Each structure stands twice: as structure tokens, then as C-alpha cells.
Amino acid sequence: MTYKPLLGLAFLVLSLHIFGQDTKPIKYTASNKGKIFFSWGGNRESFSKSDISFKGKNYNFTIKDVTAKDKPKGWHIDYINPTRLTIPQTNAKVGYFISDNYTVSIGVDHMKYVMDRNRTRTIDGYIYLPDTELGSAFNGTYNNEVVFVSEDFLKFEHTNGLNYVYAEFARYDDISKLFNIRNTDKFQINITEGLAGGALYPKTNTTLLKKERYDEFHVAGYGFSAHAGLNLTFFKYFFMQLDLKGGFINMPDIRTTSNTAESASQHFFYLQRVIVFGGIFRI
């Protein structure tokens, strides 16, 4: 009697038993490579002081240490109203995981910058408009003089908005184990940090020296930013992310009037507090 068939059958049964014990379903959240994600949300901003320089025919002056604030909407239906998406301060991003931990993405931060009006400021430069222009009331040479800058003198705001269009490289790390979370397909905690750079495309609302109001989109400069955040993923596909984002903006070519020869320039630092909601899917 030969025992080879029996030995072969026993080996097959043992192999199936062993492989059956080791085979476990792979969690969707165990690997990120190849996934895409998108997010949408809102922000609050703070801005450093900045010097704003204005130049044109018959004037060239700088208003120093200008302060500004954002223009929050609060929790509002406009964030999800397709016809009014640009009214609140918003953040949008689409990205791709090139590996389990690293992403590349493009995004738009729609911030709002409103210069504080009717304040005492230091002005350096000159204004010599023709007597036929209403703004000639402000004519003179300003040698670092402290003057009251009224609304009649200047209204200046990037309110539709201070649009930062950027490309970003970021890292994500799953820290769920630190909180003893076993099933990350139900709930996962990630930390993320990244660097970005891009262009500023503001729609600047300006009334300067009683000239006609100007409010048009224009590529005005560039910016750089960095962020750190906490990402909370629910049921594999949905997430909420809280970010702290800071950066530098330089705009040497801000349109202020309908005359292309007239412009403003400024640079400043900013800090954003961001909350977004989004989805993540494998393609």
C-alpha cells in the first residue's frame, strides 16, 4: 500500500488550515497610496502690519504700519449655497496620495483682507493731483507725517477676495494607536503637515483719493505657506480636518484704478485657523 496520496492530502489540509488562520481582511485605511481626496470649509485670519505703497501719475506715497482684519461670515448656509460660495471665507483643496504618507494637492484659500479705516497713520511721499480732481484736497509732500487717513482718502480691501491659489506637498501619519483605536475603518486620527507656494489673484476693492471705485480680479503677486493639522476620518471615506496655517504674501502689482499705470504694493504675514470637511476615495 502506498502512503503518498494520504500524505499529499494531509499536507493540503494542513496548508489550507494554516493559510486560513493567517488571512485577515486588510483595512481600507491601512494604505493610502493611490487615493484621492477633496475638502471644503472655512477660515478665520489674522494679518501682520504692512506698508502699502501707492503710485500713479502725480502721486507716489506709502502708508506705513497699516492694520487689517478679516470679514467672517460665521456658520452660514452660504458655505454650501452654490450661488454664494465666494461670499464667506473658504478653503478648497483636491489632492492625491503618491505614497501611504505623502500627498500632492492644489487648493484655493479665499481669504478676506479689510484695511482698518479712519485711523491715524504715518505717510511718506507726495500727492500733486491737478486742481480739477477731487483728490487734490490731499495734495502735499508728506515726510513721514502722522495724519488721519479718512475713508475719503482711501478705502482698501481684498474682499472677493485675497485669493491664494497654491500647490502643496504634505505628509500624513496615522496616530490612532496612541489612543488605542483598533478599527481605523470606523475612526482614524492622523496628523498632517505641509508646505505650499502659489499665486495671489485678489479682487481688490479700492477707492483712492476720491477716484472712481475699482474692483476687478488681477494676478498681483505670490505667496508661501506652511500648515499643521489634525485629520479625523470617519467610516473610511469622510473626514474633518483642523489646520493651523501661516504664510507670507507679497503683492507688488495690486490694481487700484482703471488706469493700468496706477497700482499699489504690499507684503505681510498671515495666520489662518481652518476647519474643512471632505472625502477620500481610492481610484
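Small disclaimer: the values here were computed from a predicted structure and weren't measured.

Analysis parameters
Residues numbered from 1 in each chain as written. Predicted model: local features only at pLDDT ≥ 70, side-chain atom pairs only at ≥ 80, totals over all residues. Heavy atoms only, no water. Helix = DSSP H or I, 4+ residues; strand = E, 2+ residues; numbered from the N terminus. Buried < 20%, exposed > 50% of the residue type's maximum accessible area, 1.4 Å probe, protein only. Contact = heavy atoms within 4.5 Å. Areas by Shrake-Rupley, 256 points an atom, 1.4 Å probe, with all protein chains shown as cover. Phe/Tyr/Trp six-rings, centres within 6.5 Å; stacked < 30°, edge-to-face > 60°. Salt bridge = Lys/Arg side-chain N within 4 Å of Asp/Glu carboxyl O.

Undergrad: Help me understand the overall build of the protein, please; the structure alone is not making it clear to me.
TA: For the protein, the helix and strand inventory stands at 1 helix and 15 strands. Out of the 283 residues belonging to the protein, those deemed buried represent 45%. In the protein, the share of contacts with a sequence separation of at least 24, taken over all contacts with a separation of at least 6, comes to 70%. In the structure as shown, the protein presents an accessible area of about 15400 Å², 62% of it carried by carbon and sulfur atoms.

Undergrad: Whenever I open this one, the packing of aromatic side chains confuses me. Can you help?
TA: When we look at a pair of aromatic rings, we describe it by the centre distance and by the angle of the planes. Here the structure, examined in full by the defined rule, presents 22 aromatic pairs. Seen from their ring centres, F54 and F61 are 5.4 Å apart, and the 25 degrees between their planes marks the pair as stacked. Here the two residues F54 and F61 agree in accessibility, since each one is buried. With 5.7 Å between their ring centres and 80 degrees between their planes, F61 and F153 make a pair best called edge-to-face. One end of the pair, F61, is in strand β3 (residues 59-66); the other, F153, is in the loop between β8 (140-149) and β9 (154-174), with 92 residues separating them in the sequence. When its relative accessible area of 0% is taken as the criterion, F61 is described as buried. Look at F153 and you get buried, because its relative accessible area is 3%.

Undergrad: Please clarify how the pattern of salt bridges should be interpreted in this entry.
TA: A side chain of one charge can pair with a side chain of the opposite charge when the charged atoms of the two come close. Here the structure, examined in full by the defined rule, presents 12 salt bridges. Across the pair R117 and E157 runs a salt bridge, and its minimum N-O distance is 2.8 Å. Of this pair, R117 sits in the loop between β6 (102-115) and β7 (119-127) while E157 sits in strand β9; the two residues are 40 residues apart in sequence, bridging distant segments of the chain. For R117, a relative accessible area of 29% corresponds to the partly exposed category. In this structure, E133 and K211 form a salt bridge, with 3.4 Å as the shortest nitrogen-oxygen distance. Residue E133 is located in the loop between β7 and β8, and its partner K211 is located in the loop between β11 (203-208) and β12 (214-217); the two are separated by 78 residues in the primary sequence.

Undergrad: Looking at this structure, I do not really get unusual backbone geometry. What am I missing?
TA: Working note: non-glycine residues mostly have negative phi, and peptide bonds are mostly trans. Backbone torsion omega between N160 and G161 reads -10 degrees, so that peptide bond is classified as cis. In this structure, G161 sits in strand β9. Of note, L209 is a non-glycine position whose phi angle comes to about 50 degrees, a positive value. Here L209 lies in the loop between β11 and β12. Although it is not a glycine, K210 adopts a positive phi angle of roughly 65 degrees. Assignment of secondary structure puts K210 in the loop between β11 and β12.

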